[in-house]
Structure formats: structure tokens, C-alpha cells
Amino acid sequence: MTRQRIASRLTSIPRSELEPIEAVLAMVSSGLGVSIIPQARGAMVDAYPVRQISLGKNAPTRQIAFACRGADFDNRRVSALRDAFKLSYEAASA
């Protein structure tokens, strides 16, 4: 199959982008397809009749960042929280 033919098939597949995981879970539980999402827990899992299947040890990972207002970057409380997150993630990846 040529690249152009593959691309034309991919663009004809209905797709949508939604931010809230709850919206994706609602769509999947309604039979509107499947999705790869961050692992849902707690009330979200109880609220929607979906089955979560692990993608295994080599599953994709997500890069996250700590965000704060520029004016708050040197704030002692914000710095303490940022440092706590760094320590937590460094310990988890060790």
C-alpha cells in the first residue's frame, strides 16, 4: 500500500480529542470505541462499565512538569512543594 493510500484511510477514520478522562470513559462505556488513557482509579472505574487492560512493562510513559506563576517561582511554599515533587519522583525512579 502506498503512503498516500494509507494516509487517505487514516484521515477517514472518525476521531475526536477530549480532555477529561471521564468523557473518554463515558464514550467507551457507551460503545463508541476504545482508547488508551492514563490508568483510571477509584470512583471513575466504579462509574463506568469498562475493562482496563495493562499495556505491560514497556507501555508508553508520560512526561509531566510542575507549573507555577512566574511571580511565584521563588516563593518559599512553591519551592518547597516543587522540591517535594522532585524528591518523590527521584525516589520512585530509583
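Residues numbered from 1 in each chain as written. Predicted model: local features only at pLDDT ≥ 70, side-chain atom pairs only at ≥ 80, totals over all residues. Heavy atoms only, no water.

(A) Just a nonpolar patch on the surface, in detail. The grouping of Ile64, Phe66, Leu81, Phe85 and Tyr89 at the surface amounts to a nonpolar patch, some 490 Å² of accessible area in total. Counting through the fold element by element, isoleucine 64 comes out in the loop between helix H3 (43–47) and helix H4 (76–93). Exposure remark for isoleucine 64: the relative accessible area of 56% places this residue in the exposed category. (Patch = residues over 30% accessible without salt bridge, like charges linked within 9 Å, V, L, I, M, F, W, Y side chains within 5 Å. Areas by Shrake-Rupley, 256 points an atom, 1.4 Å probe, with all protein chains shown as cover. Salt bridge = Lys/Arg side-chain N within 4 Å of Asp/Glu carboxyl O. Helix = DSSP H or I, 4+ residues; strand = E, 2+ residues; numbered from the N terminus. Buried < 20%, exposed > 50% of the residue type's maximum accessible area, 1.4 Å probe, protein only.)

(B) Spatial organisation of the confidence of the model for the chain. This prediction gives the chain a mean pLDDT of 81; 80% of its residues lie at or above 70. Across the chain, element-level confidence peaks in helix H2 (residues 21–29) with a mean pLDDT of 90 and bottoms out in helix H1 (residues 3–11) with 55. (pLDDT = per-residue confidence, 0-100.)

(C) How the structure looks around the packing of aromatic side chains. Counted according to the given criterion, the structure contains one aromatic pair. Centre to centre, the rings of phenylalanine 66 and phenylalanine 85 are 5.8 Å apart; their planes meet at 50 degrees, and the pair counts as tilted. One end of the pair, phenylalanine 66, is in the loop between H3 and H4; the other, phenylalanine 85, is in helix H4, and 19 residues separate them in sequence. Taking relative accessible area as the criterion, phenylalanine 85 reaches 38% and is therefore assigned partly exposed. A cation over a ring is seen here: arginine 82 above phenylalanine 73, with NZ or CZ 4.3 Å from the ring centre. (Phe/Tyr/Trp six-rings, centres within 6.5 Å; stacked < 30°, edge-to-face > 60°. Lys NZ or Arg CZ within 6 Å of the ring centre and 35° of its normal.)

(D) Spotlight on H4. The first and last C-alpha atoms of H4 sit 26 Å apart over 18 residues, in line with the 26 Å expected at 1.5 Å per residue. Every buried residue of H4 is accounted for by Val78, Ser79 and Arg82. Down the axis of H4, the smallest arc covering the buried residues is 100 degrees, so these residues share one side. Residues Arg76, Arg77, Leu87, Ala91 and Ala92 are exposed on H4 and point more than 90 degrees away from its buried face. Between the side-chain oxygen of the N-cap and the backbone nitrogen of arginine 77 there are 2.7 Å, and the N-cap of H4 in question is asparagine 75. (Expected span 1.5 Å × (residues − 1). Arc of directions from axis to C-beta. Polar contact = N/O pair within 3.5 Å; in protein donor to acceptor, adjacent residues only side chain to side chain.)

(E) Molecular detail of the side chain of arginine 82. On the secondary structure map, arginine 82 appears in helix H4. Although arginine 82 lies buried, it forms no salt bridge, and the closest oppositely charged side chain, aspartate 83, sits 4.3 Å away as judged by the N-O distance. Setting aside anything within four residues of it in sequence, one finds arginine 82 in contact with Phe66 and Phe73. (Lys, Arg positive; Asp, Glu negative; His and termini not counted. Contact = heavy atoms within 4.5 Å.)

(F) Local environment of the side chain of serine 79. Within the secondary structure, serine 79 sits in helix H4. In this structure serine 79 comes out as buried when scored by relative accessible area, which is 16%. Not counting residues within four places of it along the chain, the set of residues in contact with serine 79 comprises Phe73 and Asp74.

(G) Fine view of the environment of alanine 67. With respect to the helices and strands, the residue alanine 67 is situated in the loop between H3 and H4. Here the alpha-carbon distance between alanine 67 and arginine 82, two residues 15 residues apart in the chain, equals 9.0 Å.

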